[in-house]
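Structural characterization, general
One letter stands for each residue in the lines below.
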Amino acid sequence: PVKSPPVCVFVGSDDRQVMIEVSDKGGGIPTKSMDSIWSYKPRVAAPTEQERLGMSWADPMAGDPLAGLGIKKRLGMGLPLTRLYTQYLGGSLELMSLPGIGVDTFIKLKRIDPDEVSLK
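Below: a short report on this structure. Remember, predicted model here, so these are calculated numbers, not experimental data. (Residues numbered from 1 in each chain as written. Predicted model: local features only at pLDDT ≥ 70, side-chain atom pairs only at ≥ 80, totals over all residues. Heavy atoms only, no water.)

**As for the pairing of strand E1 (residues 7-13)**
Note on strand geometry: in a regular strand, side chains alternate between the two faces of the sheet. For E1, a buried count of 0 out of 7 residues is recorded, marking the element as mostly open to its surroundings. Summarising the sheet, E1 and strand E2 (residues 17-24) pair through 7 bridges and their orientation is antiparallel. Along E2, the bridge assignment pairs Val-9 with Val-22. With antiparallel pairing between neighbouring strands as the criterion, E1 and E2 make up a hairpin whose turn holds 3 residues. (Buried < 20%, exposed > 50% of the residue type's maximum accessible area, 1.4 Å probe, protein only. Helix = DSSP H or I, 4+ residues; strand = E, 2+ residues; numbered from the N terminus. Pairing = 2+ DSSP bridges.)

**Here we look at the environment of Pro-30**
In this structure, Pro-30 sits in the loop between E2 and helix H1 (49-53). Judged by relative accessible area, Pro-30 falls into the partly exposed class, the value being 41%. With 68 residues separating them in the primary sequence, Pro-30 and Leu-98 have C-alpha atoms 8.1 Å apart.

**Quick word on the side chain of Thr-105**
Residue position: Thr-105 is located in strand E4 (residues 102-110). Excluding residues within four positions of it along the chain, Thr-105 makes contact with Ile-20, Glu-21, Val-22, Leu-93, Glu-94 and Leu-95. (Contact = heavy atoms within 4.5 Å.)

**A look at the sheet that holds E1**
The 4 strands lie next to each other as E1-E2-E4-E3, forming an open sheet whose pairing is antiparallel. Edge positions in the open sheet fall to E1 and strand E3 (92-98), since each of these has one partner strand only. Sheet twist, expressed as the mean angle between neighbouring strand axes with direction ignored, is 15°. By the bridge criterion, 7 bridges tie E3 to E4 in an arrangement that is antiparallel. Note that in E4 the partner of Met-96 across the bridge is Asp-104. Strands in contact with helix H2 (residues 78-88) are E3 and E4; relative to E3, the strand with the most contacts, it is inclined by about 145°. (Axes fitted to C-alpha atoms, helices over the stretch in contact; angles between N-to-C directions.)

The quantities given are spatial measurements derived from coordinates; they are silent on function.
What follows is the structure, given as structure tokens:
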């Protein structure tokens, strides 16, 4: 069995906001690709450093939760759509990549005031 690098999710909140951090050690995003990650255009990713070195977790289908559904082609729209939804909800999404190490993604959302929301 192929072992993927760990992904950690942290959630914190106070009375005004909710913060979510998703952190991985999957090799990061190359600096030259950072501008294109927010594009809605499909793209083919260049081989990562792990792929070039033959490391097992570099296999894009290794441990992939969508592999069992027969989904192999990725459109690369997850980040731009997540940022769009986050902004629509009054929040923000920030991404920090350490090439060769991994990516930390931070999502900040405003808390909903239950006194201002009608569930009827």
